[in-house]
Each structure stands twice: as structure tokens, then as C-alpha cells.
Amino acid sequence: MDRHYSPLSRILHWLGAMAVIVMLTLGFMMFFADSREVKHFSEAAHIGVGFFAFLLIGWRSVLRLYQGFPEPAHTSTERIARYLHYALLLTMLVLIVTGPLYLFTENDPLSVFGWFAVSFDLRVLEWIHEPAEEVHKVLGTYILPFLLILHIGGGVRHFYKHRA
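As the structure is a prediction and not an experimental result, all values here were calculated from the model.

Draft legend 1. Layout of helix 1 (residues 7-32). Taking 1.5 Å per residue as the helical rise, helix 1 with its 26 residues ought to reach 38 Å, and the 37 Å between its terminal C-alpha atoms agrees with that figure. Those residues of helix 1 not exposed but buried are Ser 9, Leu 12, Gly 16, Ala 19, Val 20, Met 23, Leu 24, Leu 26 and Met 30. Where the residues of helix 1 are buried, they touch helix 2 (36-67), helix 3 (76-104) and helix 4 (129-163).

Draft legend 2. Representation of the nonpolar core in the model. In terms of nonpolar packing, the biggest core is built from 22 residues, with Val 20, Ile 57, Met 92, Leu 144 and Leu 148 touching the most fellow members. Grouped together as the second largest cluster of nonpolar side chains are 6 residues, Ile 47, Phe 51, Phe 104 and Leu 110 included.

Draft legend 3. Spatial organisation of the side chain of Arg 60. Structurally, the position occupied by Arg 60 is in helix 2. For Arg 60, a relative accessible area of 15% gives the class buried. Once residues lying within four places of it in the same chain are set aside, the contact partners of Arg 60 are Ser 9, Leu 12, His 13, His 85, Leu 89 and Met 92.

Draft legend 4. Local environment of the packing of aromatic side chains. Taken as a whole and assessed by the stated rule, the structure comprises 8 aromatic pairs. The interplanar angle of 80 degrees and the centroid separation of 5.1 Å between the aromatic rings of Phe 159 and Tyr 160 together place this pair among those described as edge-to-face. Assessed through its relative accessible area of 47%, Phe 159 is described here as partly exposed.

Calculation rules
Just so you know, the residues in each chain are numbered from 1, in the order the chain's sequence is written. Two thresholds apply to this predicted model, a pLDDT of at least 70 for residue-level local features and 80 or more for giving and counting side-chain atom pairs, whereas whole-chain, interface and lining totals are computed over all residues. Hydrogens and water are ignored here; the side-chain numbers use all heavy atoms of the structure. Put simply, DSSP H or I for four residues or longer makes a helix, DSSP E for two residues or longer makes a strand, and each gets a number counted from the N terminus. The span you would expect from a helix comes to 1.5 Å times its residue count less one. Burial classes: relative accessible area under 20% of the type maximum marks a residue as buried, over 50% as exposed, and values in between as partly exposed (1.4 Å probe, protein chains only). Contacts are assigned to residue pairs that have any heavy atoms within 4.5 Å of one another. Nonpolar core, defined: a set of buried Ala, Val, Leu, Ile, Met, Phe, Trp, Tyr and Cys residues in which side-chain atoms within 4.5 Å join the residues together. For Phe, Tyr and Trp, rings pair up if their centres lie within 6.5 Å, where Trp contributes its six-membered ring, and each pair is then called stacked (planes under 30 degrees apart), edge-to-face (over 60) or tilted (otherwise).

This is the structure in C-alpha cells:
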């Protein structure tokens, strides 16, 4: 099996990385907003970008599951990197599900920059609203940033280790 990722996987990786950084930034803007206007603006932008992140990260995750990873992990460092990859993909998948879920369980539409809205009446699952919101906030505020720091650190380490 080839040791490198396909060009499509690389493009999806970097588009996904940009989407995740924008989503995290908007999420933290919501969390730390001093005014209602900033909170509402960042929330609307977070939801709008989130729609496209849902499509992008969903596509990337399905592609990764379909294609698998380039090569089995042999060393403990490669195994750790592999588990970190799994943790990142799982975390992002849970985030792109719980975000819309806690909107739809209150029958709130997912408005995409005012261009269009996506709505599913899931009030029958309203008991899951609070847990979905909490999972989304904890994963987005603490777990995802931690995993991203580890991932970036591993990438930098890999770059400099294989550069020589």
C-alpha cells in the first residue's frame, strides 16, 4: 500500500483544517462575547460555516473509512498517531452531528447565512437536546483543541524528522 495520502485526501484535509479553525474561532467568539450582537453574529456564522463543514468533514470521514489509512502502524509512535487520527475524526463526526441535533430537537432551523435553511422537526427527541448541547460544547471547547495541538505537534515532529 502507498505510504502517502491521495491528492483528494490532502485537499480535503486542508479544507477541513481551515473549516475547523474557523469553526473553533467562531465558537470561542460566541463563548467569550461581550455583547449580544457579537454573540449572535458569531453564532450565525458558526452555524452557516458548520453546514459546509458538515458536508466537508462528512465526505472526508467517509472517504477515509473507505480508503483506509496508507500503511499499518508499526512503531509505538505510528500507533499513537493512528489513534490520534481516529480520535480527531470521531470528535469531528460527533461535533457535526451534535451541532445540528441540538437545533433540530427544538425545531430550530439551521440557517446558512440567510441563503437557505435546513430544518428537521426532531422535537420527539427533545430529551437529547441538553446532552447533545453539552457534548458539543465540551468536545468543541476542550477536546478538539487539545487533539489539534497534539496533531499539529505530531505533524511538525514528523516534518522535521523526515526532512533530514
